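# Chain and residue survey
Given next are the chains, with one letter for each unit.
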Amino acid sequence: MYTPAITGTGVFTPSQVITNAELVASFNAYVDIYNAENAAQIAAGDLPAKDYSSEEFIFKASGINQRYVMDKEGILDPQVMHPLLRQRSDEEPSIMAEMALDAANKALAQAGKTAADVDAVICAASNLERAYPAVAIEIQNLLEINGFAFDMNVACSSATFGIQAAADMIRSGSIRSALVVNPEICSAHLEWRDRDCHFIFGDVATATLIERSEDAAGPYFEIKSTRCATDFSNNIRNNNGFLRRSRPDGVADRRDMQFMQNGRKVFKEVLPMVSEHIANHMAAQGTQASDLKRIWLHQANKSMNDFIGKKVLGRTPEQGEQPNILQDYANTSSAGSIIAFSQYSDDFKDGETGLICSFGAGYSVGSVIVEKHG
């Protein structure tokens, strides 16, 4: 059995930013258009009028100040309200592979390795831009990696599930190393016309290089233990898929073809699940709350993270113990906990322990206990 270790991480951040102020101005312009176009039905009581959004509402609900996106022009156009991405030929790199390539190269550089040192690529993301060929295989090809690659989707938990899969293969000896990449264009599956969720998501790509600890070229985080769990729920759902055209409503612009969630139920049901999952994982590993220097949580909502941080540590987390990045990035699905880990792990000393955790649709939750070496 070999010991898996995280030896490098990388983050691709889009160049375009949408502030809450910009988002609110766009959304409220859309509301004016919608209410005007449907004035008669609204006056007759057959259709409810849409309400304005506000910066105060967004920040109170989520803790988000801004988000990075691949295209802001289409999103902020009240007549469009979604990203406008150019059509690429099949001979060009796909946009997800292009994002992942940037993050992967950064992870390799941090680890002091090249693509020749990688045996496998796992593209773990909540939304994949096509069914096949696998985006992971395209990334493998662009990096000129020998070996194999595959896609996996466990929604917001995809990164931690991908890390467990890679770590297990390394432990068994079937591979020496793997890149787990998480390209997320969440802006494309978000319903920007829905006041309850129009502020939630942003775009990003992350990459994590996992190797045998003996092959590490510098300091690394040993993966001490991983644990994953799922429990079916419809409270976070997207019904888009390849069977869409075969069904009665065909390709109609239906609300359920974009991100949908019952926020109150998610909050009520996911928080106990995640808190219990982490507690059981730590107990099985013999890790005490006092052993944790930091926890890097999925970046969905500040209130959720504050609740989980308090449950895990048994007290209100001190500054830096449970860092949030969602104020700048918003919810980036599977990538969020890896952004937090990448940005807030450089200060770890030899022997210090931390925990990465992501959770979301499924329901799903994955946790990774790591220890710094070097």
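Residues numbered from 1 in each chain as written. Predicted model: local features only at pLDDT ≥ 70, side-chain atom pairs only at ≥ 80, totals over all residues. Heavy atoms only, no water.

### Digging into the overall build of the protein
Rule in force here: Segments assigned H or I by DSSP are reported as helices when at least four residues long, segments assigned E as strands when at least two residues long, and all are numbered from the N terminus. Radius of gyration here is computed from C-alpha atoms only, and the compact-globule reference equals 2.2 Å multiplied by the residue count raised to the power 0.38. Between buried and exposed lies partly exposed: a residue is buried under 20% and exposed over 50% of the maximum accessible area for its type, with that area taken using a 1.4 Å probe on protein chains only. Two residues qualify as a contact provided that any one of their heavy atoms is within 4.5 Å of a heavy atom in the partner residue. Note that accessible areas follow from Shrake-Rupley with a 1.4 Å probe, and for residues the cover is restricted to the protein chains shown. Within this scheme the basic residues Lys and Arg register as positive and the acidic residues Asp and Glu register as negative, but His and the chain ends are omitted. Every charge is mapped onto a representative atom, which is NZ of Lys, CZ of Arg, CG of Asp or CD of Glu.
A count of helical and extended segments in the protein gives eleven helices and 13 strands. For 374 residues, the compact-globule formula gives about 21 Å, and the C-alpha radius of gyration of the protein, at 21 Å, lands near that figure. Counting only C-alpha atoms, the protein reaches 70 × 55 × 35 Å along its principal axes. Residues counted as buried form 53% of the 374 residues belonging to the protein. Here the contacts in the protein between residues at least 6 apart in sequence split such that 76% fall between residues at least 24 apart. Counting every atom, the protein has about 16,500 Å² of accessible surface; 48% of that belongs to carbon and sulfur. If you average the places of the 33 positive and of the 47 negative side-chain charges in the protein, the two averages end up 5 Å apart.

### Quick look at the packing of aromatic side chains
Under the convention used in this document: Each Phe, Tyr or Trp ring, with Trp reduced to its six-membered ring, pairs with another whose centre is within 6.5 Å; inter-plane angles below 30 degrees give stacked pairs, above 60 give edge-to-face pairs, and intermediate values give tilted ones.
Here the structure, examined in full by the defined rule, presents eleven aromatic pairs. Relative to Tyr34, the ring of Tyr30 lies with its centre 6.1 Å away and its plane at 45 degrees, an arrangement referred to as tilted. A residue pair is termed a helical-turn pair when its members lie 3 or 4 positions apart in one helix, as Tyr30 and Tyr34 do in helix α1 (residues 20-37) at four residues. Here Tyr30 falls in the buried class, since its relative accessible area comes to 11%. Seen in terms of ring centroids, Phe201 and Phe259 are 4.9 Å apart; in terms of plane orientation they differ by 85 degrees. Their pairing is edge-to-face.

### A short note on the nonpolar core
Stated formally: Remark: nonpolar core denotes a set of buried residues (Ala, Val, Leu, Ile, Met, Phe, Trp, Tyr, Cys) joined through side-chain atoms within 4.5 Å.
Among the nonpolar cores identified, the biggest contains 42 residues, and Val274, Ile278, Ile308, Val312, Leu355, Cys357 and Phe359 are the most heavily contacted of them. Of all the elements in the fold, those that place two or more residues in this core are α1, α8 (263-285), β11 (292-297), α9 (302-313), β12 (353-360) and β13 (364-373). Among the elements that take part in this core, α8 stands out by supplying seven residues, more than any other. Once residues lying within four places of it in the same chain are set aside, the contact partners of Val274 are Ile308, Cys357, Phe359 and Val365. Of all hydrophobic cores here, the second largest spans 34 residues; its members include Ala124, Val154, Ala335 and Phe341.

### Here's the deal with the pattern of salt bridges
Put simply, the rule reads: The rule for a salt bridge is simple: a side-chain nitrogen of Lys or Arg has to be within 4 Å of a carboxyl oxygen of Asp or Glu.
According to the stated counting rule, one finds 20 salt bridges in the structure shown. In this structure, the salt-bridge partner of Glu321 is Arg315, at a minimum N-O distance of 2.8 Å. Under the relative-accessibility criterion, Glu321 is labelled buried at 12%. Taken together, the shared-partner salt bridges connect Arg176, Glu214 and Asp215 into one network.

### Digging into helix α7 (residues 158-172)
Since the α-helix packs 3.6 residues into each turn, any two residues three or four apart lie on the same face. Stated precisely, the cut-off is as follows: Expected span of a helix: the number of residues minus one, times 1.5 Å.
Helix length check: α7 (15 residues) gives 21 Å between terminal C-alpha atoms against 21 Å at 1.5 Å per residue, within 8%. Burial runs high along α7: eleven of the 15 residues are buried. Within α7, burial applies to Ser158, Ala159, Thr160, Phe161, Gly162, Ile163, Ala166, Ala167, Met169, Ile170 and Arg171. One or two steps after α7, the chain reaches Gly173, where phi turns positive at roughly 95 degrees.

### As for the side chain of Gln299
Going by this rule: Under this definition, polar contacts are N or O atom pairs within 3.5 Å; protein pairs additionally need one hydrogen-donor-capable and one acceptor-capable atom, and for neighbouring residues in sequence, both atoms have to be side-chain atoms.
Considering the arrangement of structural elements, one finds Gln299 in the loop between β11 and α9. Owing to a relative accessible area of 0%, Gln299 belongs among the buried residues under this scheme. A polar contact is formed between the side chain of Gln299 and the backbone oxygen of Leu297, at a distance of 2.7 Å. From its side chain, Gln299 meets the backbone oxygen of Pro323 in a polar contact 3.5 Å long. Contacts of Gln299, omitting those with residues within four sequence positions, involve Asn305, Pro323, Asn324, Ile325, Leu326, Ala330, Asn331, Thr332, Gly336, Ser337 and Ala340.

Treat this as a map of the structure, not an account of what it does.
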